[in-house]
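Overview (structure and organization)
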Amino acid sequence: MTALLAPLILLLAHSPHGTLPVPAKSGFRMEGYFVWCGSAIKVGNEYHLFAARWPKETKFPDGYFEHSEIVRAVSRNPLGPYQFKEVVVGERDPRFWDSNMAHNPTIHRVGGTYVLFYIGSDFQTKRLNSKTPPNAPASLLRRVGYATAPAITGPWTRSEQPAIPTESNNPALLVKSDGSVQLLYRDSSLRTFLATARSYAGPYEVVNDNVWPESRIEDFYFFTKGGRTFLLSEDNVGGITGHPRWGALLVSDNGVDRWRRFEPVIGYDHDIEFDNGEVMHAVRRERPQLIIDKGRITHLITAVYDGTDTWSQPVPLAPDWPPPVSASVDTRKPWKKVDLNPTSPFEAVGAADFDGDGDTDVFSGEQWYEAPQWAPHKVREVAVGANPHYRDDFANIPLDVNADGKPDLVTCNYFGKYVGWVENPGDAKKTWIEHEIDRPGASETCRVVDVNGDGKPDIVPNTNNVVVWYELVARKPEVKWKKHLVSENGGGHGLGVGDVDGDGRQDLVGPKGWYQQPAAADGPWTFHAEFDLGKASVPILVRDVDGDGLADLIWGMGHDVGLNWLQQKKTDAGRAWKKLEIDTSFSQPHTLLWADLDGRGIPVLVTGKRIYAHEGETGATDAPGIYAYRFDRKRSRWNKQVLYQGKAALEAPQDPQLRWALKDFPRGTAGTGLDIAAVDMDADGDIDLVCPGKSGLYLFENPRLTGKARPRRPTMSAVQ
């Protein structure tokens, strides 16, 4: 087995996504060829599978650009093995649109005619605005067309012109009872189009030019069930399922627009279970197609690559696939977004009763917002950073610093290298008073925690140079802070506070290791260089994820793609860490939160995409979102809940220096900034979320107990 081919492991039950085991020798393979894109139809007692193939002397997958052709194979068993019968669509006269290659077959019966849709290219027509070198095979224009036959065995007549004259890939056809059709396809940017026509021959009219703007999808299959239209597709970057290139299920009541996630949203993963109890983890699993026999969905077909070989693999589906809504794994109501200030550029937030009227208010940047109408009150000035798209205010943590009964703010900044607190003057609508504590270095943000276990709050800034924390040693008659220097040069992007080694003392976690708190108050902190997290989030959460009594670490890649956790294990040699992925579908998860959203005493992981953490980073213009993750200890996996999904900055300038979040993202698009405030904002008994960011300030109301308001009891937002 190659390094790319994952090992076989045992499963105790069939796939949670409704697919069932298959024989080890099944599907359709061809000696000497790469096989891809299988689509099958039952005719009489036989199953006819149409697939793309190209010689193994060429590369995978790029060889298909010039050498792919469509073949037919037959089996009496829907699982196969299938036997090759003929080439259906191959190379032909150069004057035709599909003279060079044919790929992406999908087979249907329309009345008494068999219709095979596919993509093709000729030998000379180039894609417009392509970044591919002009002489490369991938630069050739690919378009959707079709072939027809009166019988499944032919003869096949190919369309002289493409059905879609512009760049188009991955055709999916839905045939209505009156013979009219809907055709789904994508362009090279993975923008998805839906067109309709009175017959498969066209002409086609686009009725939806961006079916799923939230993220990128491809490789579609259209079908109906229970009066609704479903779209099974490959989740290209994992924006829907949380897993790149897994199968995602979308549903629409009218089949044209208002598409939404079906629950359960995962249509298939990359595992194929065999009837001997083994399962193969495919390197690639794509191009989903269904076998539908007399209106009943029976099998899923996908193209499979195991690191060495490729083939078309049918798998049987559970009888109720996709399951009815009542079987949904996540029936929670959507969260309600409230626009507190959709033009706010500030990225820090805090929530508390700042004016003493019994309502929980919100502070962000220069002003606080008075509940319940959210009237803004400007009470301080915040400088523009050296980068004009940043305001130099990187924390707004509520804390009654001077013990006068009124919540003040703990703050820090990056460009000013400042840590301090902002005093509530009593009349919260008057100018607040700034107090500097220290200037230790540029700070990403800071956290307020009890570091030394004395029951009093301390400040830990995440500086880029030193590791330091500040102890609040006196509150009256004068506020006094004591500086504790842990390391002169151990700072970096990422900060966590928690008991890593189980000795009952709070340790400090950084991107390249952790600092062990000494038993003696003024003793030296011991550094353990046991991992490298990269540019990690703030905070790095220190939590026992799997319930084994050992502290694990959860962190996001603040300026890259990925949400991960480190599982701590004890070995004979001491402590060991194992990196495991949670979600690689979005970038810039810069802040994390551990909050009891469900009211069960079991906190869940909350995070989201920081709007323009840096404007030029991977995925910077992608659609932002707010997400919750619950760890299933029995199955050892995370389950993702989408609390909110925004829209991408599709018109953002190519030059990152010209990007500006308030102009690039559609107005009202929420994401995260440097904090998420978790507090019961509407006094209904559940935890709500307040999310700041460069695209505005937003409140998300938890629907769990909506309408069950209780007497107000203001609280301060959780800080971790």
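Residues numbered from 1 in each chain as written. Predicted model: local features only at pLDDT ≥ 70, side-chain atom pairs only at ≥ 80, totals over all residues. Heavy atoms only, no water.

For the rest of this paragraph, the subject is the overall build of the protein chain. A tally of regular secondary structure across the protein chain gives two helices and 50 strands. Its C-alpha radius of gyration of 29 Å places the protein chain within 12% of the 27 Å reference for a compact globule of 720 residues. The 720 residues of the protein chain split such that 60% are buried. Working note: accessible area of the protein chain is about 29,400 Å², and carbon and sulfur atoms make up 50% of it. Charge separation in the protein chain, taken as the distance between the mean sites of 81 positive and 94 negative side-chain charges, equals 5 Å. (Helix = DSSP H or I, 4+ residues; strand = E, 2+ residues; numbered from the N terminus. Rg over C-alpha atoms; globule rule 2.2 N^0.38 Å. Buried < 20%, exposed > 50% of the residue type's maximum accessible area, 1.4 Å probe, protein only. Areas by Shrake-Rupley, 256 points an atom, 1.4 Å probe, with all protein chains shown as cover. Lys, Arg positive; Asp, Glu negative; His and termini not counted. Charge placed at Lys NZ, Arg CZ, Asp CG, Glu CD.)

The buried fraction of strand S4 (residues 69-75) amounts to seven of the seven residues, a majority that puts the element mostly inside the structure. With seven bridges joining them, strand S3 (residues 46-55) and S4 adopt antiparallel strand pairing. Of the residues in S4, the one forming a bridge with alanine 52 is isoleucine 70. (Pairing = 2+ DSSP bridges.)

Counting 29 residues, the largest nonpolar core has Trp36, Phe117, Val144, Leu183, Tyr185, Tyr200 and Tyr204 as the members making the most contacts within it. Formed by 22 residues, the second largest nonpolar core is a distinct cluster that contains Phe230, Ala282, Leu290 and Trp321. (Core = buried A, V, L, I, M, F, W, Y, C linked by side-chain atoms within 4.5 Å.)

A few words now on the sheet that holds strand S15 (residues 228-235). Spatially, the four strands line up as an open sheet ordered S14-S15-S16-S17, and their pairing is antiparallel. The strands lining the two open edges of the sheet, one partner per strand, are strand S14 (217-225) and strand S17 (260-268). Sheet twist, expressed as the average angle between the axes of neighbouring strands with direction ignored, equals 25°. Here strand S16 (residues 246-252) runs beside S17; their pairing, made up of four bridges, is antiparallel. Opposite alanine 248, over in S17, you have isoleucine 266 as the bridge partner. (Axes fitted to C-alpha atoms, helices over the stretch in contact; angles between N-to-C directions.)

Turning our attention to the state of the cysteines. One pass over the structure, following the stated rule, counts zero disulfides. Left without a disulfide partner, cysteine 412 is nearest to the cysteine sulfur of cysteine 446, which lies 3.8 Å away. The exposure class of cysteine 446 is buried, given its relative accessible area of 0%. (Disulfide = S-S within 2.5 Å.)

This part takes up the packing of aromatic side chains. Counted by the stated rule, this structure contains 32 aromatic pairs. Here tyrosine 64 and phenylalanine 65 contribute two aromatic rings whose centre-to-centre distance is 4.5 Å and whose plane-to-plane angle is 35°, an arrangement assigned as tilted. Residue phenylalanine 65 is classed as buried on the basis of its relative accessible area of 13%. For the ring pair tyrosine 185 and phenylalanine 193, a centre distance of 5.5 Å and an interplane angle of 10° mean the geometry is stacked. Classification of tyrosine 185 as buried rests on a relative accessible area of 4%. Joined through ring pairs, the aromatic side chains of Phe34, Trp36, Trp54, Phe60, Tyr64, Phe65 and Tyr305 make up one cluster. Sitting over the face of the ring of phenylalanine 96, arginine 92 holds its NZ or CZ atom 3.9 Å from the ring centroid. (Phe/Tyr/Trp six-rings, centres within 6.5 Å; stacked < 30°, edge-to-face > 60°. Lys NZ or Arg CZ within 6 Å of the ring centre and 35° of its normal.)

Our focus in this paragraph is the pattern of salt bridges. Applying the stated criterion to the full structure yields 41 salt bridges. In this structure, arginine 447 and aspartate 675 form a salt bridge, with 3.0 Å as the shortest nitrogen-oxygen distance. Here arginine 447 is found in strand S32 (residues 443-449), whereas its partner aspartate 675 is found in the loop between helix H2 (661-664) and strand S48 (677-679), with 228 residues between them in sequence. Among the salt bridges present, the one from aspartate 583 reaches lysine 640, with a minimum N-O distance of 2.9 Å. Linking aspartate 583 in strand S43 (residues 574-587) with lysine 640 in strand S47 (residues 637-645), this pair joins segments that are 57 residues apart in sequence. Residues participating in the shared-partner salt-bridge network are Arg186, Glu218, Glu234, Arg245, Arg284 and Glu286. (Salt bridge = Lys/Arg side-chain N within 4 Å of Asp/Glu carboxyl O.)

The next point concerns the pairing of S15. Where burial is concerned, most of S15 is hidden: seven out of the eight residues are buried. Pairing analysis gives seven bridges linking S14 to S15, with the strands arranged antiparallel. If you follow lysine 225 over to S15, its bridge partner there is arginine 228. Hairpin geometry of S14 and S15 is characterised by an intervening segment of two residues between the two adjacent antiparallel strands and by a positive phi of about 60° at glycine 226. As paired elements, S15 and S16 share seven bridges and run antiparallel to each other. Counterpart to aspartate 235 in the pairing with S16 is tryptophan 246.

This paragraph deals with the environment of glutamine 124. Inspection of the secondary structure puts glutamine 124 in the loop between strand S7 (113-121) and strand S8 (143-149). Its relative accessible area of 46% is what places glutamine 124 among the partly exposed residues. C-alpha of glutamine 124 to C-alpha of isoleucine 582: the two residues are 458 residues apart in sequence and 44 Å apart in space. If sequence neighbours within four positions are ignored, glutamine 124 has contacts with Pro94 and Leu140. (Contact = heavy atoms within 4.5 Å.)

Another point: the sheet that holds strand S6 (residues 101-110). Read across the sheet, four strands follow the order S6-S7-S8-S9 without closing on themselves; strand pairing throughout is antiparallel. Each edge of the open sheet carries a strand with a single partner, namely S6 and strand S9 (157-158). Bridge analysis of S7 against S8 gives seven bridges, and the strand direction is antiparallel. For tyrosine 114, the partnering residue across the bridge sits in S8 and is alanine 149.

Cis geometry marks the peptide bond from glycine 80 to proline 81, where omega comes out at 5°. With omega at -5°, the peptide bond leading from lysine 476 into proline 477 counts as cis. Of note, proline 477 is situated in the loop between strand S34 (467-474) and strand S35 (480-487). In this structure, tryptophan 374 is a non-glycine residue whose phi angle is positive, near 65°. Mapped onto the elements of the fold, tryptophan 374 is located in the loop between strand S26 (367-370) and strand S27 (375-378).

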